[in-house]
Amino acid sequence: MRILQGSCLCGACTYEVEDDFEYALICHCSQCRRATGAGSKPFAGIRAERLRVHAPERLLRYGESGEGERGSHDGHCARCGSLLFSLVRKQRYVHVTLGTLLDSPTIRPSAHIFAGSKADWDPICDGLPMFDAFPPD
């Protein structure tokens with residue numbers, strides 16, 4: 001299995017993840033916009049045990065967003081603030097932010113989610129399917 005490397009902006013927090021993601025999406029919800037400071041958050045999902053974080057405990061900070069099963073625990077570098085991943089689905093999965101990968105994953109995003117609440121200034125022009133919430137299973 002190919003192993004991908006990832007890092008925060010300053011390099012203090014690094015991680016490895018198997019290149020075997022189950023899905024990849026681009027989220028346009030207001031929480032992801034605020035967490036990233038961008039119009040969307042491209043991410044790929046994989047079982048949590050397949051992510052190995054290499055960061056001193058004091059440098060990996062977790063913040064909560066959302067509530068219930070859809071809520072997440074966002075892993076940020078405490079030094080530079082980069083959002084590395086979100087623990088989701090009762091912390092069984094991680095959503096790795098694709099922008100923090102140093103290597104290119106095999107998977108590509110397949111759809112835009114929460115497109116109904118996207119920022120007006122952020123056009124979607126790539127032809128991928130768009131959903132107002134999560135896509136149907």
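Everything that follows concerns the structure shown earlier in this document.
Described in the following lines is the structure provided in the data block. For clarity, every value in this text was computed on a predicted model and none was experimentally measured.

**Quick notes on the pattern of salt bridges**
And step 1. Considering all chains together, one arrives at four salt bridges under this definition.
And step 2. Here Arg2 and Asp19 are joined by a salt bridge, their closest N and O atoms 2.8 Å apart. Here Arg2, found in the segment before β1 (3-7), pairs with Asp19, found in the loop between β2 (14-18) and β3 (23-27); they are 17 residues apart in sequence, far enough to count as distant.
And step 3. For Arg2, a relative accessible area of 42% translates into the label partly exposed.
And step 4. Its salt-bridge partner being Arg50, residue Asp20 comes within 2.7 Å of it at the nearest N-O pair. With Asp20 in the loop between β2 and β3 and Arg50 in the loop between β4 (41-47) and β5 (51-54), this pair connects stretches of sequence that are 30 residues apart.
And step 5. Residue Asp20 is classed as partly exposed on the basis of its relative accessible area of 34%.
And step 6. Linked through salt bridges whose partners overlap, the residues forming this network are Glu18, Asp20 and Arg50.

**Section: the sheet that holds β5**
And step 1. On the basis of which strands lie adjacent, the open sheet formed by three strands has the order β1-β2-β5 and antiparallel pairing. A strand with exactly one partner marks an edge of an open sheet, and here the two such strands are β1 and β5. Neighbouring strand axes in the sheet, compared pairwise and without regard to direction, differ in orientation by 20° on average.
And step 2. Taken together, the five bridges between β1 and β2 define a ladder with antiparallel strand orientation. Its bridge partner lying in β2, Gln5 is registered against Glu16.

**Considerations on the side chain of Asp19**
And step 1. Taking the relative accessible area as the measure of exposure, Asp19 reaches 10% and is therefore buried.
And step 2. Here the side chain of Asp19 touches Arg2 through a polar contact of 2.8 Å, side chain to side chain.
And step 3. Only 2.5 Å separates the side chain of Asp19 from the side chain of Thr106, close enough to count as a polar contact.
And step 4. Leaving out residues up to four positions away in the same chain, Asp19 has contacts with Met1, Arg2, Leu4, Pro105, Thr106 and Ile107.

**Observations concerning the pairing of β3**
And step 1. Buried residues dominate β3, accounting for five of its five residues.
And step 2. Because side chains alternate across β3, one face comprises the buried residues Tyr23, Leu25 and Cys27, and the other comprises Ala24 and Ile26, equally buried.
And step 3. Note: β3 against β4, five bridges, orientation antiparallel. Paired with Tyr23 across the strands is Gly45, a residue of β4.
And step 4. Two elements, β3 and strand β10 (residues 112-113), share two bridges in a ladder whose sense is parallel. The partner of Ile26 across the bridge, within β10, is His112.

Each value, and the rule that gives it
Residues numbered from 1 in each chain as written. Predicted model: local features only at pLDDT ≥ 70, side-chain atom pairs only at ≥ 80, totals over all residues. Heavy atoms only, no water. Salt bridge = Lys/Arg side-chain N within 4 Å of Asp/Glu carboxyl O. Helix = DSSP H or I, 4+ residues; strand = E, 2+ residues; numbered from the N terminus. Buried < 20%, exposed > 50% of the residue type's maximum accessible area, 1.4 Å probe, protein only. Pairing = 2+ DSSP bridges. Axes fitted to C-alpha atoms, helices over the stretch in contact; angles between N-to-C directions. Polar contact = N/O pair within 3.5 Å; in protein donor to acceptor, adjacent residues only side chain to side chain. Contact = heavy atoms within 4.5 Å.

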